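Spelled out from the first residue to the last, the chains are:
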Amino acid sequence: MGELMGMVFSRISTIFTGVSRGGGWETEWSAVPSFSANVQFLNFYALDEPDMNLIWLDDFLALAATGNFSRAADERHSSQPAFSRRIRALEEWIGADLFDRSTQPATLTEVGEWFAGVAQELAARVARVPGDARRVAEASSVTLRIACTHALSMTFLPRWIRSLESSITLGPVQLMSDVLQRCESLMLQSKVQFVLSHAHPDAHGALDADPYRSARIGEDMLIAVSAPNGSGEPLHQLSRKGASAVPLLLYSDESGLGRIMRAVVSRRLESQAVQPVFTAHLASVLRTMALDGRGIAWLPRTLVEEDTGQGRLVAAASSEWAVPLEIRLYRDSELLGKAANEFWSAAIRK
């Protein structure tokens, strides 16, 4: 401010320009030949303190983590001079130094240590705003938003929804069908109210902890199946003595059924002569490959009931290789709105 007033009294008119760079606002000062300036007008703007910019919080946290201006600027995709100006602007807004620049790397001052907690809390609160806003909107919404794994969306879900309609009147339902990892992400971002998936006590996921709740609403089973040979026997079979390596059709890491397989079956398979030959996200894809005789796949019984009933797929292992599954409905612990709460109550009564 002192520099600005000095410029005013030396009869140099100063133009203040806001420049947007890298998503943040910077300031530039450029002098032009003096003219008869209105001192009161310039003084009014000089005394007007800048508003807090949320971008400064991310800048501060980046610098607090590294203590290195150059590295923090790179992480924030900014030039170092611009980054340093934004840190200085934050300190001017706070009214105290946040960093001790006499050390390398720069360290937090006492005020900086205090503000680190404030900045983290503010950043977390800002990140929650969209989800909180959606929850407020949902309080009066009649639309249900459900994320469901592919296998259940094709088999269990339609019959289950139909059974619920005998006790409640459902409004519009928006279904998002995807692999479990993506369904969990949608719930974590508050983009859906419910997630429907297979589950197993030994295979925990992101929704199997607070603040999420779940209820068991059905059961299923993973069974090892293969296409039959000409005699109706499995084309590929586990524990066949003297046989060459058995081809396996496996789930990818993003798949919820793959998570269960790795937790329950994978270690047992190490003692078998097996050879993974194909990996996919979806049970429906593995079913197609199994029908084509490409190998053994562990598939939900609800998905292959018709295939096994008509002999297109047959058991490729003894019953001890079967994996019991739960079908679980997940929700956030917070209130979901009238329509969603009625849906939840009807689901857990079944």
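Look above for the structure.
Residues numbered from 1 in each chain as written. Predicted model: local features only at pLDDT ≥ 70, side-chain atom pairs only at ≥ 80, totals over all residues. Heavy atoms only, no water.

1. So, the nonpolar core
Counting 33 residues, the largest nonpolar core has L222, Y251, I296, W298 and L299 as its most contacted members. Taken together, the elements giving at least two residues each to this core come down to β8 (212-226), β9 (246-251), α10 (256-264), α12 (283-291), β11 (296-300), α13 (301-309) and β13 (323-332). Excluding its chain neighbours within four sequence positions, the residues that come into contact with I296 are A224, V225, S226, H236, Q237, L238, V246, P247, L248, L249 and A316. Core analysis: the second largest hydrophobic core is formed by 23 residues, L164, L170, F194 and L196 among them. (Core = buried A, V, L, I, M, F, W, Y, C linked by side-chain atoms within 4.5 Å. Buried < 20%, exposed > 50% of the residue type's maximum accessible area, 1.4 Å probe, protein only. Helix = DSSP H or I, 4+ residues; strand = E, 2+ residues; numbered from the N terminus. Contact = heavy atoms within 4.5 Å.)

2. Things to note about the packing of aromatic side chains
Scanning all chains against the criterion turns up 9 aromatic pairs. Ring geometry for W160 versus F343: centroids 5.6 Å apart, planes at 80 degrees, classification edge-to-face. Taken as a pair, W160 in helix α8 (residues 156-164) and F343 in helix α14 (residues 338-349) lie far apart in primary sequence, 183 residues in all. Each member of the pair, W160 as well as F343, carries the same accessibility label: buried. Measuring from ring centre to ring centre gives 6.4 Å for F194 and W344, while their planes differ by 10 degrees; the resulting arrangement is stacked. (Phe/Tyr/Trp six-rings, centres within 6.5 Å; stacked < 30°, edge-to-face > 60°.)

3. Quick look at the pattern of salt bridges
If charged atoms from side chains of opposite charge come close, those side chains can pair. Enumeration according to the criterion identifies 13 salt bridges in this entry. Where R88 meets D97, a salt bridge forms, and the shortest distance between an N and an O atom there is 3.3 Å. Judged by its relative accessible area of 34%, R88 falls in the partly exposed class. For R328, the salt bridge goes to E326, with nearest N and O atoms at 2.8 Å. Owing to a relative accessible area of 16%, R328 belongs among the buried residues under this scheme. On the basis of relative accessible area, E326 is assigned to the partly exposed category, the value being 23%. Ionic contacts of the salt-bridge type, sharing partners, join the residues R88, E91, D97 and R101 into one network. (Salt bridge = Lys/Arg side-chain N within 4 Å of Asp/Glu carboxyl O.)

4. What about the environment of S226?
By secondary structure assignment, the location of S226 is in strand β8. By relative accessible area, S226 is classed as buried at 0%. The sequence separation of S226 and D292 amounts to 66 residues, and the corresponding C-alpha distance is 9.0 Å. For S226, the residues in contact, after removing those within four places along its chain, are P234, L235, H236, G295, I296, R312, L313, V314 and A316. A distance of 3.4 Å separates a polar side-chain atom of S226 from the backbone nitrogen of L235. (Polar contact = N/O pair within 3.5 Å; in protein donor to acceptor, adjacent residues only side chain to side chain.)

So, to be careful, I would describe these as geometric facts and stop short of saying anything about function.
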